[in-house]
Structures are given as C-alpha cells and as structure tokens.
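Remarks on the overall topology
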Amino acid sequence: MISLRQFLLLLLLFSLPTTAHAGWGEDALQRESNYICDSSYTELAWNHGGTTPDLAGYGALNDIRIAQSGPDWVRPSESAHAAIGLMSAAQQLRIAHSDTARYDGVLSRFFRVWLLQNRQGWNVDRQDSDYGGMARRVWYEKSGHWSRDDSYSTGATGVMLVAMWKYSEYLDATGRAAEAARWRRDAWVAAQPAGDYLRRRSNPQHALVSGSSTSPDLWVSDSVFAADALRCLACWAKTASLKPSFDYDALAAQLTGGVLAMKDSGTGRGFFKFRDSRHSFQPTYGDSVDQLLFLPFEADLLSPADPLTRRISDWWTNGDQGIRMTAQTDAPSDWRYYGLHWHSYFVPRPENAYLYPGPGLQLAALEWKAGTARHDSLLLDRARKRYEWANKAAYSNLWLGTGSAVESGVGNGLCDWRDGENYAHKAEDWQRFVDTSAYFIRTTLMICYGKDTKYVPE
C-alpha cells in the first residue's frame, strides 16, 4: 500500500501537462538539436553530399536544413542564436548521459573553423568603417565557395560576440577548462575588433547604436545585443587577462540607459523600436508592433523583476486600441489558443493574421523569467500555454518533432507560421529556421527543467 505522500506525488505527476516533464523534454532537446545539426554545412548533417573541410562555407550554420544547394541561407545572427541554443541543450543532455558528440562536432566546426579559421562573416581584413563588424548575410555558391557578404550589422556583431563568449562558458561547464582558455585566447583576434566596431556605431547623445554604417537610425534591438556583447567582452578580458580597447562595462551601462529611455510607459507594450534620424531622433515603432518591443527583458539586458514585465505580458495577451497580439480564445480546445502574432502592421497586410511559434516562444521566455523572478504564477502559466501552442499538434501543428514527418529527408524543426484566419494556409515545411529551434530549446529548458539560458555572462 502506498503512503499518502506517494499518492499525492503520483497525482501531481499525472496532472502535469504532457510537455512539462523532463523525460519528454529530453526527447524535445534531442530533436531540435538534431535539426540544428542538419542545418550545419558539415558531414554531420543529413544532407552533406559534396561538403569538404577545404570549402569556405564549411562549418556554417544555415538558417534552414541543408539541402542540395549547399549553405544557401547563412545569416550570422540566426546562426549565433542557434549555436547558443545548441550549447544549452547539449549541456543538459550531458547531465542526462546522452551522447553529445555530434553536437560538439557541429559547435567546434562552427566556431573554430567557419568563424575563426576561415574568417567567415567578419570584416577583419579591410580597415574601413565596418572593420570588426559581422555581416547580415553571407552568400555562397552551391558548391560552398564564398560569394559575398551583405552589409555589416551591429546587432549581428553583438549576438555573435555573445555566442563566442557562451562557447567558452560551455566548454568550462562541460569540464574542458584548457580548451575554453585556448578559445578565449585564440578568438580575441576577432572579438576585440568587434568591440571596437560596436563603439564606433554608438551615438553618445542618445546612448544607442545605429544598425549599420549606412543607416543613422538608432535601434533598441541592436543596442540590446551590443550591450550584452560588451558585458561579455568585459568578462572575457578579465577572465583571460587580456587588455581591452576601452571600458566595455562603461559603454554597456550607457547603452542600457539609452534603452531604458525608450520605454513606452504609457501603453505597457514595452519599448519603442528605434529613434528615427529623419525626425529629430524621436522614438517610434516604425511600421509595426512586433517582438522587438520586449527584447530588452527577453535578452537579459534588464532585470525581469521589473514591474513593467507584468504590464508587457498583460498587453501582449489582452491588447488595446484594436491591437491584440495573442489569439486568446475562451476555449482552450480552439487551435489558435495562445498563438501569437509576430507583427501588427499599421496598414493592412496578410501577415497581420499569421500566428508564429518563434515570437511566441520569445514572449514565453520573458514571461518565464519574469514569473520566476516575481513569483507570479499567472506569468508562468502564460509561458506554458505559449509553449504548448508551439509544440502541440492540437494547436499550431507546426512542429515536425511531433511525429515522423520529414522534408528533404530531415525531420524536426518548427514551420514558421500558420494563418490565424485559415488553418490550411501555412508556411512551407522547408521554412524551419534555426533561431526558432533555439527559442524552442530555451523554453523547453525553462518549462521542463526550470533552467534559464542567458545572453549575459553567468
């Protein structure tokens, strides 16, 4: 006969949602880690014909699974998010004694070969205004030979620096201290010029950064990742006893102040997106409301204990003035329940009706961080509901990890959107982006394991 305590424990376990326990979570982490690996232009991907280590694109993390066209969609910002997610998953899976050799191989080829050895994406050869910057996109021929870089971006530079620092943390956390120290020393040749690039992009008057050398608009999103990166650089220099070019922490603090000044305290939506250079640098949303409005909390620049986080969650759940970002219905059985719109454009566009797992998972991460910090059960419940919308067939039915479906021979990954006004209308199955997989991994670690993934030093 079982005791009362054992009975209550069993009752609790059976009452938990199917997506809220570690056994399910381990499988989910493996599936999305595998999808990121299948997006790696290496022999470790499912589709790897013609891939050889001598190619410039070798080691790249493509934005979608590798097919027959090689690394055809390499966006370094999304690649960095994917790498951060893969490291977070691999660290947890190692604790569960899962084999992570494939994941470590992909990470090593991405950081050490593609990024450092082959210098892909970085402008580290031309001493111009973009020196040290990271490209928005790197173009390759079908064979994997480099074609060209797109313009260099402050945001891409910032998040890549974060990923580089997180790689050293990952190596340390998994018992490879000597390898971590070597990485910090070797990668400084790219990290230090990147920090200098971020400083050149900063605007002292408004304490924000411009998105690129060709656009003077000052963006909150780029400033968030720049400030996060500068915090990482400060820790990097101190840990490895390296000489910084300037006071990284001081500039990070200035940018944090500039971001705080962009709060839209009147509505609770979050933050204005940028200061418009064409209109005396006034704060504005631009053409739409989107997930950038809560990025400062989601990406760990600001404390989630701030009371504004609850107001942000309330607004993104309930809306106002004709805008409602969450498709919250009265019936949890409705497939749209807690699906999230990515954009609300101020002029009619079809995308206004679409529901996306990616931004929903980003909001879920903010709500989990804030709910945990503030001991707010409502925020934690909202995070769980958004997570379930992304992964359950009864809701979005966009996760290929729920069954045996494959596209181009590759399973797993989350399709980009489904039309909230027409269930049958959805993104193509190839539109499974690696940053969405990273957000899914992060939220899985939160919901199933109670663990956070941070973009600042830990």
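Right above here is the structure, for reference.
Analysis parameters
- Residues numbered from 1 in each chain as written.
- Predicted model: local features only at pLDDT ≥ 70, side-chain atom pairs only at ≥ 80, totals over all residues.
- Heavy atoms only, no water.
- Axes fitted to C-alpha atoms, helices over the stretch in contact; angles between N-to-C directions.
- Helix = DSSP H or I, 4+ residues; strand = E, 2+ residues; numbered from the N terminus.
- Parallel < 35°, antiparallel > 145°, perpendicular 65-115°, else oblique.
- Left-handed = near helix turned anticlockwise from the far one by under 90°.
- Contact = heavy atoms within 4.5 Å.
- Nonpolar A, V, L, I, M, F, W, Y, C, P; charged D, E, K, R; others polar.
- Buried < 20%, exposed > 50% of the residue type's maximum accessible area, 1.4 Å probe, protein only.
- Pairing = 2+ DSSP bridges.
- 1 Å grid on protein atoms, 1.4 Å probe; cavity = no way out; pocket = protein on both sides within 12 Å on 5 of 7 lines; lining within 4 Å.
- Points joined across faces, edges and corners; volume = space filled by probe spheres on them.
- Salt bridge = Lys/Arg side-chain N within 4 Å of Asp/Glu carboxyl O.

So, about the packing of helix α10 (residues 308-318) against helix α11 (residues 357-374). It is at 10 Å that the axes of α10 and α11 come closest, and there the two elements cross at 140°. The pairing of α10 with α11 is recorded here as oblique in orientation. The handedness of the crossing between α10 and α11 is left-handed. For the pair formed by α10 and α11, the contact residues are T309, R310, S313, W316 and T317 on the first element and L363, L366, E367, A370 and R374 on the second. Grouping the amino acids of the contact of α10 with α11 by side-chain chemistry returns four nonpolar, three polar and three charged.

By the criterion of burial, strand β6 (residues 208-212) is predominantly enclosed, with five of the five residues buried. Where strand β5 (residues 202-203) meets β6, two bridges bridge the pair, whose relative direction is antiparallel. Within β6, the position partnered with N203 by the bridge is L208. Examined bridge by bridge, β6 and strand β7 (residues 215-219) share three bridges and lie antiparallel to one another.

Tallying each qualifying case throughout the model produces one cavity of 30 Å³ or more. Estimated volume of the largest cavity: approximately 50 Å³. In terms of lining residues, the largest cavity is bounded by H81, I84, G85, S88, A438, Y439, R442, T453 and Y455. Elements that contribute at least two residues to the lining of the largest cavity include exactly α3 (76-95) and α13 (434-449). Grouping the constituent residues of the lining of the largest cavity by class yields four nonpolar, four polar and one charged.

Now for the layout of surface pockets. Estimates place the volume of the largest pocket at around 1300 Å³. Around the largest pocket, the lining comprises 46 residues; the ones closest to its centre are R75, E78, Q291, L292 and W342. Elements represented by at least two residues in the lining of the largest pocket include exactly α3, α5 (154-173), β6, β7, α7 (220-240), α9 (295-298), α11 and α13. When residues in the lining of the largest pocket are grouped by element, the largest group, four residues, is from α11. Residues that form the lining of the largest pocket fall into these classes: 16 nonpolar, 14 polar and 16 charged. Lining the second largest pocket we find 16 residues, and of these M87, S88, Q91, D452 and E458 sit closest to its centre. Elements with a contribution of two residues or more to the lining of the second largest pocket: α3 and α5. By residue number, the principal contributor to the lining of the second largest pocket is α3, which donates six residues. Per-class residue counts for the lining of the second largest pocket are six nonpolar, four polar and six charged.

One pass over the structure, following the stated rule, counts 31 salt bridges. Note that R102 and D38 form a salt bridge whose closest N and O atoms lie 2.7 Å from each other. Of this pair, R102 sits in helix α4 (residues 101-117) while D38 sits in the loop between α2 (22-37) and α3, and the two are 64 residues apart along the sequence. A residue is classified by how much of its surface remains accessible, and R102, at 25% relative accessible area, is partly exposed. Exposure remark for D38: the relative accessible area of 8% places this residue in the buried category. Here E407 ties to R432 by a salt bridge, and the two come within 2.7 Å at their closest N and O atoms. Separated by 25 residues along the polypeptide, E407 in the loop between α12 (377-391) and β17 (418-419) and R432 in the loop between β17 and α13 bring together distant segments of the chain. Assigned by exposure class, E407 and R432 land together as buried.

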